[in-house]
Amino acid sequence: MVSVVERVLYSGRTKYQEVDVAVNDDYGKMLVLDGKLQSSTSDEFIYHEMLVHPALVTHGNPRDVLIIGGGEGATLREVLRYRSVRSATMVDIDGEVVEVCEKYLPEMHQGSFRDPRTRLVIGDGREYLRRTDERFDAIIVDATDPIEGGPSRLLYTLEFYELARSRLREGGILSTQGTSTFYNARTFATIVNTMSRVFPHVRGYQASIPSYISDWGFVVGSLGRDPASVTPEEAEARARELGLPELNYYEPAHHPHYFWLPPRVRRILAEERGISRDEEPVSVY
Ligand code: SAM
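This write-up is about the structure you can find in this document. (Residues numbered from 1 in each chain as written. Predicted model: local features only at pLDDT ≥ 70, side-chain atom pairs only at ≥ 80, totals over all residues. Heavy atoms only, no water.)

### Here's the deal with the overall build of the protein
Next, step 1: Scanning the protein for helices and strands turns up nine helices and eleven strands.
Next, step 2: Overall, the protein is about 45 × 40 × 40 Å in size when its C-alpha atoms are taken along their principal axes.
Next, step 3: A fraction of 68% describes how many contacts in the protein between residues 6 or more apart in sequence connect residues 24 or more apart.
Next, step 4: Between the centroid of the 33 positive side chains of the protein and the centroid of its 43 negative side chains there is a distance of 5 Å. (Helix = DSSP H or I, 4+ residues; strand = E, 2+ residues; numbered from the N terminus. Contact = heavy atoms within 4.5 Å. Lys, Arg positive; Asp, Glu negative; His and termini not counted. Charge placed at Lys NZ, Arg CZ, Asp CG, Glu CD.)

See below:
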């Protein structure tokens, strides 16, 4: 039985969204944007490890990584674990959210904003990609769900993935959260379809996240190796070379098995034909 909010630590409204940091007996401290739980200190490791490591271990030598969104600094924390990483650029649209997270959620960022390899940019992630002449080994999209009128809606479209691909180096990789495979399986399937138009290898996968009360989807698109073709032995060797410590959820020895999806989700993937485009972007329903 899940308890309700015990205590509110911060509550405010930024130019883009409502922000709350609250405490719950079961899940610890929670970041809530526009009334939607983003992460909680008890289980954020599942989401952030699964967003970052399947992609970066598949890549094998990530040097320059771009994070779009990622307010809490926990995706940044996971990216900075790689000794190959020389720059981690995080572009979040909402500077006030980042400030609130830095102040109230140190358990999540664990000082990652102060790492000398970190470059924090406040701005729209897509606009940043459009203007930059930099090239990245990996792009991690850790944005809010696509909702009508929300700031992240155009981070899940064909045009966005084409732009992102053009800013990746040879063998580059992009991973994104893919919304709930339980409540929004068709949205997840549409993201997989859309990325499949742009990347030669695309894999959707999921992990169960207790505080979301759902299995959560992720999608990775690779210009190099098929993520599911990396064997446990290869993943373990890469993790060792890259200096990845023992984590709490992602385990290199299990790497290819993360790409299993249950039959219901596989059926929806096989049936869904939708492509998300700027003129009609996918959204959660
Ligand atoms: N774990 C999350 C979830 O539940 O899906 C996502 C976490 S993170 C807090 C989402 C971040 O994306 C927020 O900090 C928000 O400001 C940022 N964001 C939304 N739209 C964006 C955009 N267009 N460009 C950059 N950042 C964006």
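Further notes follow.
### Here we look at the site of the ligand
Next, step 1: Taken together, 26 residues surround the ligand, and among them Q17, D92, D124, G125 and P151 come closest.
Next, step 2: Interatomic distance of 2.6 Å between a side-chain N/O atom of D124 and a nitrogen atom of the ligand.
Next, step 3: Measuring from an oxygen atom of the ligand, one finds a side-chain N or O atom of Y212 at 3.2 Å.
Next, step 4: The protein chains hide 100% of the 600 Å² of surface that the ligand would expose on its own.
Next, step 5: Breaking the shell around the ligand down by element, the ones donating at least two residues are β3 (28-33), β4 (36-40) and β6 (87-92).
Next, step 6: Partitioned by chemical class, the residues of the shell around the ligand number eleven nonpolar, ten polar and five charged. (Near = heavy atom within 4 Å. Polar contact = N/O pair within 3.5 Å; in protein donor to acceptor, adjacent residues only side chain to side chain. Areas by Shrake-Rupley, 256 points an atom, 1.4 Å probe, with all protein chains shown as cover. Nonpolar A, V, L, I, M, F, W, Y, C, P; charged D, E, K, R; others polar.)

### Remarks on the pairing of strand β5 (residues 64-69)
Next, step 1: Of all six residues that make up β5, six are buried, and the element is covered over most of its length.
Next, step 2: Here β5 pairs with β6 via five bridges, running parallel. Its bridge partner lying in β6, I67 is registered against M90.
Next, step 3: With helix α2 (residues 74-79) bridging β5 and the parallel β6, this β-α-β connection has right-handed handedness. (Buried < 20%, exposed > 50% of the residue type's maximum accessible area, 1.4 Å probe, protein only. Pairing = 2+ DSSP bridges. Right-handed = clockwise from strand over helix to strand, strands pointing away.)

### So, the nonpolar core
Next, step 1: Counting 38 residues, the largest nonpolar core has V79, Y82, F218 and Y250 as its most contacted members.
Next, step 2: Elements with a minimum of two residues in this core: α1 (44-59), β5, α2, β6, β8 (136-142), β10 (201-209), β11 (214-222) and α8 (232-242).
Next, step 3: At eight residues, α1 tops the list of elements feeding residues into this core.
Next, step 4: Aside from chain neighbours lying at most four places away, what touches F218 is Y47, M50, L51, T176, Q177, G178, F188, R203, G204, Y205, Q206 and A207.
Next, step 5: The next biggest cluster of nonpolar side chains, apart from the first, holds 34 residues, and it includes V141, L168, F199 and V282. (Core = buried A, V, L, I, M, F, W, Y, C linked by side-chain atoms within 4.5 Å.)

### Describing the sheet that holds β5
Next, step 1: Strand order in the open sheet made by the seven strands is β7-β6-β5-β8-β9-β11-β10, with mixed pairing throughout. Each edge of the open sheet is held by one strand with a lone partner, namely β7 (118-122) and β10. Across this sheet, the average inter-strand angle for adjacent strands is 15°, counted without regard to direction.
Next, step 2: In terms of strand pairing, β10 meets β11 through nine bridges, oriented antiparallel. Following the sheet pairing, R203 is matched in β11 by V220.
Next, step 3: Each of β8, β9 (168-180), β10 and β11 touches α1; the most contacted strand, β9, lies at about 155° to it.
Next, step 4: Running at roughly 165° to β9, helix α7 (residues 185-196) makes contact with β9, β10 and β11 of the sheet. (Axes fitted to C-alpha atoms, helices over the stretch in contact; angles between N-to-C directions.)

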